[in-house]
Amino acid sequence: MIKKYIFLFAFCTLSALAADLFAQPAHPKQDSQVVLQSVCQSFMQHNDSEAFRKAYLPLEKKRDLLLLVDPEHTLPPNYEPHDLIRVPRGFLRKEAAVWFYKMKQAASESGIYLSPVSTYRPYEYQLYLKGRTSNPEQVANPGQSQHQLGTAIDFNTTEVKNESLPALQWLKQHAGEYGFSLSFPKGEEEETGYPFEPWHYRYITQEGVAMQNKFFGGSQHKMLLFLNMCLWNKPDPKAATQND
Ligand SMILES: [Zn+2]
């Protein structure tokens, strides 16, 4: 029971830290590192929890599918996934593509048509998009888009006013069953660094979705922050390799 409370405390502190890291970019880096260390240490006390260990084990082998990429964690221009394959409207990493097709099939059996409008976007293309947009706030900087990972898909629309589209409602209910997670939910704008995007899903594996839901209150960003910055100690994807 005591362990449960320590866990809850660590989780709340981690959530507060995540909000702090992104809400106050001017915050001295050194202080953030010290806070981060203590939060990680508190949270790590739960690694002996059988439930956490069980949830974590399958993710250990999938680090390259779970890189943290956001306005604070930038991919290098030459980061290109090694196993991209063709899908409608572009390319996805192989495992993400396999689960995309399973999900698409299941949706169509329920009368829902899932249609990607954007998939893998190379660094240079993101640079091009950023340069030609009339709304730069809405477009990620090159190197800071999950689309460069080859595991993110924008489905059917890119207009918030369409959030009640049947396809987006279906995804909200079922995407997790296929390892896809909503990256930028309503209410998490400060933490994720991006506005609400009901169409943007990232493949994080079924086990990743299970861990996100069980230990991180359903937040993809909180989970990726913890895995990358506490467990793997690779805060910057530039330090990561694609094949580990
Ligand atoms: Zn997107």
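Not measured: the values here are computed from a predicted model. (Residues numbered from 1 in each chain as written. Predicted model: local features only at pLDDT ≥ 70, side-chain atom pairs only at ≥ 80, totals over all residues. Heavy atoms only, no water.)

**Some words on the overall build of the protein chain**
- Within the protein chain, the regular secondary structure consists of nine helices and six strands.
- Evaluated residue by residue, the protein chain yields a buried proportion of 49% over its 244 residues.
- Long-range pairs, those at least 24 residues apart, make up 72% of the contacts in the protein chain with a sequence separation of at least 6.
- When the accessible surface of the protein chain is summed, it comes to about 12100 Å², and 54% of that surface belongs to carbon and sulfur atoms. (Helix = DSSP H or I, 4+ residues; strand = E, 2+ residues; numbered from the N terminus. Buried < 20%, exposed > 50% of the residue type's maximum accessible area, 1.4 Å probe, protein only. Contact = heavy atoms within 4.5 Å. Areas by Shrake-Rupley, 256 points an atom, 1.4 Å probe, with all protein chains shown as cover.)

**Here's the deal with the sheet that holds strand β4 (residues 152-155)**
- In space, the four strands of this open sheet follow the order β3-β4-β6-β5, with antiparallel pairing throughout. For this open sheet the edge positions go to β3 (116-118) and β5 (180-182), each flanked by a neighbour on one side alone. Here the average twist between neighbouring strands, direction ignored, is 45°.
- Bridge count between β3 and β4: two bridges; the pairing is antiparallel. Of the residues in β4, the one forming a bridge with Pro-116 is Phe-155. (Pairing = 2+ DSSP bridges. Axes fitted to C-alpha atoms, helices over the stretch in contact; angles between N-to-C directions.)

**Observations concerning unusual backbone geometry**
- Positioned with a positive phi, Arg-89 is a non-glycine residue whose angle comes to about 65°.
- Positive phi outside glycine occurs at Asn-156, with the angle close to 65°.
- Of note, Asn-156 is situated in the loop between β4 and α6 (166-174).

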